[in-house]
Amino acid sequence: MKQNNQPKLQQLLGDKQILEQVAKSPDAKALASLLTQGQDQASLKQIAESAAKGDTSQLNQLIQSIANNPSGAELLRRLGESFGKK
């Protein structure tokens, strides 16, 4: 993400109402389904914990695998637009 978009992203991430709207959207639910395909809960939890500690390599791999999938890339694009409209 470009540096000049970070303050806006931080503001959006701090807005619980926007996060709830996006999280409840059909696109977010479809993305969650993609995330759990081939990943068990323990693996996803471990990836999230590693990312929270600063090691984002596994998270980056997971996101890249979704972005390389045409339907996953479309979901990511639409979710990005959802945040952009807020």
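Student: How do you make sense of the overall build of the protein when you look at a structure like this?
Tutor: A tally of regular secondary structure across the protein gives six helices and zero strands. What you see in the protein, going N to C, is helices and strands ordered as α-α-α-α-α-α. Buried residues in the protein amount to 20% of all 86 residues. Nonlocal contacts in the protein, meaning residues at least 24 apart in sequence, comprise 54% of its contacts between residues at least 6 apart. Surface summary for the protein: the accessible area is close to 6400 Å², and the carbon and sulfur share equals 53%.

Student: Quick question: what am I supposed to make of the pattern of salt bridges here?
Tutor: Pairs can form between side chains of opposite charge whenever their charged atoms are close. Following the criterion strictly, the structure yields five salt bridges and no others. The partner of E20 in a salt bridge is K24, with the nearest N and O atoms 3.9 Å apart. Its salt-bridge partner being R78, residue E74 comes within 3.4 Å of it at the nearest N-O pair. On the criterion of helical spacing, the pair formed by E74 and R78 is a turn pair, its members being four residues apart in helix α6 (residues 70-85).

Student: Help me out: how do you make sense of the side chain of S50 in this one?
Tutor: Here S50 shows up in helix α4 (residues 41-52). S50 gets classed as buried once you look at its relative accessible area, which sits at 13%. In contact with S50, not counting residues within four places along its chain, are D55 and Q58.

Cut-off values and rules
- Residues numbered from 1 in each chain as written.
- Predicted model: local features only at pLDDT ≥ 70, side-chain atom pairs only at ≥ 80, totals over all residues.
- Heavy atoms only, no water.
- Helix = DSSP H or I, 4+ residues; strand = E, 2+ residues; numbered from the N terminus.
- Buried < 20%, exposed > 50% of the residue type's maximum accessible area, 1.4 Å probe, protein only.
- Contact = heavy atoms within 4.5 Å.
- Areas by Shrake-Rupley, 256 points an atom, 1.4 Å probe, with all protein chains shown as cover.
- Salt bridge = Lys/Arg side-chain N within 4 Å of Asp/Glu carboxyl O.

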